[in-house]
Amino acid sequence: VQLQAFGGGLVQAGGSLRLSCATSGHTFSNYAVGWFRQAPGKERDFVAAIRWSTGSIYYADSVKGRFTISRDNAKRTVSLQMNSLKPEDTAVYYCAALSAPILTTIRLPDKYHYWGQGTKVTVSS
């Protein structure tokens, strides 16, 4: 299983960015794909996740209403549309895959089996 995240960059507060996670090497029908972020000196935090089979979506409270996660089955990608960005959204963003997700694990980074490389998002004030 391979995941590759891209789309990060520098944006002013209030702006938007769209991250994408390209997946390959496995059928993701029983997986969830999640986005996490890690700011310097902080732990890796859950941002959003989507169950591949059902399309069920989960968000961290801090991004609800601003970020939108979606999947494209044909392209095997998961995207994270980030609007109304704030300086506190600055972090390295990672996508990851979790096999057989359940409600109690889908927000926990240490439960995810596969990780892509990070993509850096910087929001200037």
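Residues numbered from 1 in each chain as written. Predicted model: local features only at pLDDT ≥ 70, side-chain atom pairs only at ≥ 80, totals over all residues. Heavy atoms only, no water.

## Points about the state of the cysteines
Counted by the stated rule, this structure contains 1 disulfide. The disulfide partner of C21 is C95, and the gap between their sulfur atoms is 2.2 Å. Classification of the bridge connecting C21 and C95 rests on its S-S torsion, roughly 70 degrees, and on that basis the disulfide is right-handed. Here C21 is found in strand β3 (residues 17-24), whereas its partner C95 is found in strand β9 (residues 91-99), with 74 residues between them in sequence. Take C21: its relative accessible area is 0%, and that puts it in the buried class. Using a relative accessible area of 0% as the deciding quantity, one classes C95 as buried. (Disulfide = S-S within 2.5 Å. Helix = DSSP H or I, 4+ residues; strand = E, 2+ residues; numbered from the N terminus. Buried < 20%, exposed > 50% of the residue type's maximum accessible area, 1.4 Å probe, protein only.)

## Let's talk about the pattern of salt bridges
Counted under the stated rule, the structure contains 3 salt bridges. For D89, the salt bridge is made with R37, and the minimal N-O distance between the two is 2.8 Å. Separated by 52 residues along the polypeptide, D89 in the loop between β8 (77-82) and β9 and R37 in strand β4 (residues 31-38) bring together distant segments of the chain. The class for D89 is buried, based on a relative accessible area of 1%. In this structure R37 comes out as buried when scored by relative accessible area, which is 12%. The partner of D61 in a salt bridge is K64, with the nearest N and O atoms 3.2 Å apart. Taking the relative accessible area as the measure of exposure, D61 reaches 67% and is therefore exposed. Through salt bridges that share partners, R37, R66 and D89 make up one connected network. (Salt bridge = Lys/Arg side-chain N within 4 Å of Asp/Glu carboxyl O.)

## Topic: the sheet that holds β3
Sheet strands pair via backbone hydrogen bonds, and the direction of the pair is either parallel or antiparallel. Reading across the sheet, the 4 strands line up as β1-β3-β8-β7 and stay open at both edges, with antiparallel pairing between neighbours. A single partner strand is all that each edge strand has here, and the edge strands are β1 (2-6) and β7 (67-72). This sheet shows a mean twist of 15 degrees between the axes of neighbouring strands, independent of strand direction. (Pairing = 2+ DSSP bridges. Axes fitted to C-alpha atoms, helices over the stretch in contact; angles between N-to-C directions.)

## Focus on the pairing of strand β11 (residues 119-124)
Only one face of β11 is covered, namely the face carrying T119, V121 and V123; the face carrying K120, T122 and S124 is uncovered. Judged from the 4 bridges that link them, strand β2 (residues 9-12) and β11 form a sheet pairing that is parallel. In the strand pairing of β11, G9 is matched with V121. Both β9 and β11 contribute to a ladder of 3 bridges, which runs antiparallel. From the neighbouring strand, A91 faces β11, where its bridge partner is V121.

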